[in-house]
Amino acid sequence: MRDFKKITENYKKNMKNVNFSRQVEYKKAFKKYKVKDNVILYESFHGKGMTDNPFAMFKYLLNNPNFENTKHVWVLNTYENNEYYNYYKEFTNVEFVKTHSSQYFYYLASAKYFINSVSFPPYFIKKEEQVYINTWHGTPLKTLGKDMQGAISQHSNLQKNFLQTDYILSPNEFTSEKIIYSHDINDIYPGKVLENGYPRIDSVFYKSKVLESIFPILMSGKKKILYAPTWRGEVGKVEDVVFQIVQSISDIVEDIDTDEYEFLVKVHPLVYKYIKEIDFEEVTLVPNWVDTNELLHYVDILVTDYSSIFFDFLVTDKPIIFYLYDKDEYLEKRGIYLDLDNLPGSICFTPEEVASNIKQSDTIMVRRKEQIDYYKTKFTNYDNGAVTKGYVDRIFLDQPSVIERDYNNKKPNVVLYAGAFLNNGVTSSIVNLSKLFPYDKYNLIIIDKNKGDKTFENNIKRLSPNVHMVYRGGGTNLTYYEWVRYNRFMNYAKVENISFYKKIVQQEWKRLLGDVEIDAGVDFSGYVPFWTFMMAFSGFSNKIIYQHNDMAAEKLKVIDGKKVHYKNLSNIFSLYKYFDFIAAVGEKTLELNKTNLSEYTAKEQFIYIPNVLDAASLFMHRSEPLLEETNIYQKNVLLLDDEQKYGKIKATAVIAPTKSGKNFINIGRFSPEKDQDKLLRAFDLFLQEEGRQHQLYIVGSGELEKSLKAKATDLGIEDNVIFTGQTNQAIELLDRCDCFILSSKHEGQPMTLLEAIALNKPVIATNIEGNRSVLGDNSQYGDIVENSVYGLLSGMKNFLLGKMKSSPNFDIRNYDAYAIDKFTKMLDYRE
């Protein structure tokens, strides 16, 4: 009863979080309401207006007698001063809802069709009988998805949306490729890309009854210029952008004859609210609610910059002027797919040049004919004013009326959780595996959290480009009673209702991966209960969890007086029996875990799957050295890292290996099981006996860093021990040292030990199961010493005296071939 009360209190606390409460309310609707075949939900730019491709499809469907019994629901957050709303609200089969409202949740759960220009919220899950059409919103001049600068996971919600779609609409092959590849869904996308032009461009060909009734200026005899700059800057930081736009408008208008021209301005919604109160002379500021493509029907000259609006305007055969006053800066910050010097119109850099080209606009089509013809052929060849009909015929009437592109390579899919990409051996292992993974047989999807730090992003960038990264984002949709049941397991390791677990887990996979079929799920970390839970009850035909250590010892590991893994591993061990394989990375570790964890599952599930090494990256430094040796303050140092900004250089350097003594090196996380404290005490004794000309490099970081540095100071050896911190040059530093030394209390299959013997480095390692798995019981590849201070001391002394056994060359390629063969056979288990 006390458990239930505590969980309920936590639930109430979480309900104060707006995102959590939305997930709960949506899940209630998801469970309660059935899908209605005659309802279409439209959403454009997260409910900011009735615009773009969804608006074009809405107008066509609304006026099509084949759909007279259809209900059209628009997501619209602001009704005030929206003339489309005022016009269409009179239709009895049109309804309006706001995002995240109860009616929004109702229609997300019950509408048969969804038509969206961007994305639904992270909590959205498409039901099996629903049809999701994503129209996107432009041929991309600017980079998309993972190609953009910024956070590595910034495209995560779009990616999840695309994976749930049945159809992505595309205006041309160029856009099809960019959408699919930049959002990392090539090879695995389960839907179809329909390529037939853009519905919204149909609007350019026809008059708008609504716009003509509101803006009589459109019917005037003057030539109409539309200035439509793209969005710049960051959300919440628009002041500089606003100033530049206002200045540009004033400067251009000053140089043109307003008796001959009407000057219209359409800005980004985030900018509009800042400039709508400015009193521009001879300028008409177009409100946000106006659909740009309906407006383009009346425009004679388009002035823009990096906006995809110019692609749409090409069908008018009217002149385009590109005002690129910040070209170099924009290229540096954003990135472009196309050549800005060969755009289909005049290119200007000053207001004076823009005004001059407006006056000479009749010549632009001749002067830039080659570029215009190229762009029209490549990007707007389908746009003839009847694009929407083709899409509607295909999607709603199942008629083969458009080009279909299939980006699914039909290979089985493996989804893998790697463990948050910390700087540790698990990350090194998965990076190596990503390079050697059997892509000829399988697709590899690695899934992780949505946001990470610099370490997280840097490690993901080390993966093979063949990997498909998916970032979770959002949370599992649960009602109150579901949340209580779920948390009883997470807090108390109580496995109570398997059918319930399967239902919520499989819905969460649906939210994350849509209709992507998964053949094997791999919890490569083995330390995070959520992902173990997600794999255990996934319904995948093959489920695998890894063990990278002596897991019983890990459960009891103490840091700062706390058993840091006790609760998590208790949960994880209780789920072992729901996996097909429990893969230990070391042969000795396998036997240890099989014996110590036999109470949780059958011994037959345990299997030995060694980690792999990436020979290419391991030996790369020998042909292209990364570490530069230089002299600072009369000391030879190695430059590990440097950053130059605004003329200031911030560098990280360490003392270079000594030539007068021996250089020992230890690489590993500063954690109790690595036991660098023992190593420091042994090295202190070694210096006392053999002289202080020797050095010890300790590479890594972790929760014990301060105490280890304090220990070195207390022992008086701080000048002989170099704490390098975390560095990407650890392998080259290892190769420059004389001897690798591993002081661990317990290990699974230490990657650094494998790397050291692959580099033919002399090795000293403690006598534990994981180290013997690598070095062999007879110390085939290095010296195995007693797991104590004096054991490490004797190992260092033997090395100094040349008494270590000579190590035969370790055949890395044969080893990798063996490891990958075992890994692939494990994946093939259900075939």
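You'll find the structure just up there.
Here the residue numbers are simple positions, counted from 1 along each chain's written sequence. Where local features are concerned, this predicted model is filtered to residues with pLDDT of at least 70; where side-chain atom pairs are given and counted, the filter is 80 or more; whole-chain, interface and lining totals use all residues. Computation of side-chain values covers all heavy atoms of the structure but excludes hydrogens and water.

## As for the packing of helix α28 (residues 676-690) against helix α29 (residues 705-715)
For step 1, the next point in the chain: Only the stretch in contact is used when a helix axis is fitted, and all axes are lines through C-alpha atoms; the angle between N-to-C directions ranges over 0 to 180 degrees. In this text, helices come from DSSP runs of H or I with a minimum length of four residues, and strands from runs of E with a minimum of two, each type numbered from the N-terminal end. Taken N-terminus to C-terminus, the directions of α28 and α29 make an angle of 15°; their axes are 10 Å apart at the nearest point. Judged on the interaxial angle alone, α29 and α28 are roughly parallel. The chirality of how α28 crosses α29 is right-handed. Contacts between α28 and α29 involve Q676, D677, L680, R681 and D684 from the former and L708, K711, A712 and L715 from the latter.
For step 2, the next point in the chain: Across the contact of α28 with α29, the residue classes tally to 4 nonpolar, 1 polar and 4 charged. Orientation categories follow fixed angle ranges, with anything under 35 degrees roughly parallel, anything over 145 roughly antiparallel, 65 to 115 roughly perpendicular, and all other angles oblique. Crossings are assigned a handedness: left-handed for a near helix turned anticlockwise from the far helix by less than a right angle, right-handed for a clockwise turn. Contacts were defined at the residue level, with two residues in contact if any of their heavy atoms lie within 4.5 Å. Residue type decides the class: Asp, Glu, Lys and Arg count as charged, Ala, Val, Leu, Ile, Met, Phe, Trp, Tyr, Cys and Pro as nonpolar, and the leftover types, Gly among them, as polar.

## As for the environment of D341
For step 1, the next point in the chain: On the secondary structure map, D341 appears in the loop between α14 (327-333) and β13 (346-348).
For step 2, the next point in the chain: C-alpha of D341 to C-alpha of V426: the two residues are 85 residues apart in sequence and 47 Å apart in space.
For step 3, the next point in the chain: Once residues lying within four places of it in the same chain are set aside, the contact partners of D341 are K327, I347 and R368.
For step 4, the next point in the chain: A distance of 2.7 Å separates the side chain of D341 from the side chain of K327, its partner in a polar contact. Pairs of N or O atoms within 3.5 Å make up the polar contacts considered here, provided that, within protein, one atom can donate a hydrogen while the other can accept it, and that residues adjacent in sequence are counted only when both atoms are side-chain atoms.

## Considering empty space enclosed by the protein
For step 1, the next point in the chain: Cavities and pockets were defined on a 1 Å grid built over protein atoms only: a cavity is a set of grid points that admits a 1.4 Å probe from which the probe cannot escape, a pocket is an open set flanked by protein on both sides within 12 Å along at least five of seven lines, and lining residues are those with an atom within 4 Å of any such point. Grid points are joined across faces, edges and corners, and a volume is the space filled by probe spheres set on the points. Taken as a whole and assessed by the stated rule, the structure comprises 6 cavities of 30 Å³ or more.
For step 2, the next point in the chain: Contributing to the lining of the largest cavity are S429, L433, F524, Y546, I609, P610, N611, V612, A819, I820 and F823.
For step 3, the next point in the chain: Secondary structure elements with two or more residues in the lining of the largest cavity: α19 (425-436) and α34 (812-827).
For step 4, the next point in the chain: Considering every element that reaches the lining of the largest cavity, the biggest residue donor is α34, with 3 residues.

## Things to note about the environment of Y123
For step 1, the next point in the chain: Tracing the backbone shows Y123 in the loop between β4 (111-116) and β5 (131-134).
For step 2, the next point in the chain: Look at Y123 and you get buried, because its relative accessible area is 5%.
For step 3, the next point in the chain: Through-space distance from the C-alpha of Y123 to that of L512 is 9.5 Å; in sequence the pair is 389 residues apart.
For step 4, the next point in the chain: The contacts of Y123, once residues within four sequence positions are left out, are R22, Q23, Y26, H100, Y104, F105, L108, N477 and R511.
For step 5, the next point in the chain: For Y123, the side chain forms a polar contact with the side chain of H100, separated by 2.8 Å. We call a residue buried when its accessible area falls under 20% of the maximum for its residue type, exposed when it is over 50%, and partly exposed in between, using a 1.4 Å probe and counting protein chains only.

## Some details on helix α22 (residues 498-513)
Within an α-helix, residues lying three or four positions from one another point in the same direction, as the helix has 3.6 residues per turn.
For step 1, the next point in the chain: By this rule the span expected of a helix is its residue count minus one, scaled by 1.5 Å. Across its 16 residues, α22 extends 22 Å between first and last C-alpha, which sits within 8% of the 22 Å expected from 1.5 Å per residue.
For step 2, the next point in the chain: Of all the residues in α22, the buried ones are F500, Y501, I504, V505, Q507, E508, W509, K510, R511, L512 and L513.
For step 3, the next point in the chain: G514 lies just past α22 and shows a positive phi near 60°.

## A short note on the sheet that holds strand β25 (residues 635-645)
For step 1, the next point in the chain: Only when DSSP finds a minimum of two bridges between them are two strands counted as paired. Strands sit in the order β24-β25-β26 across an open sheet of 3 strands; the sheet is antiparallel. Where the open sheet ends on each side, the last strands, each with one partner, are β24 (628-632) and β26 (648-655). Between one strand axis and the next, the sheet turns through 55° on average, direction left out of account.
For step 2, the next point in the chain: Here β25 pairs with β26 via 8 bridges, running antiparallel. Its bridge partner lying in β26, L638 is registered against V654.

Interpretation note: all reported values are geometric properties and have no functional meaning in isolation.
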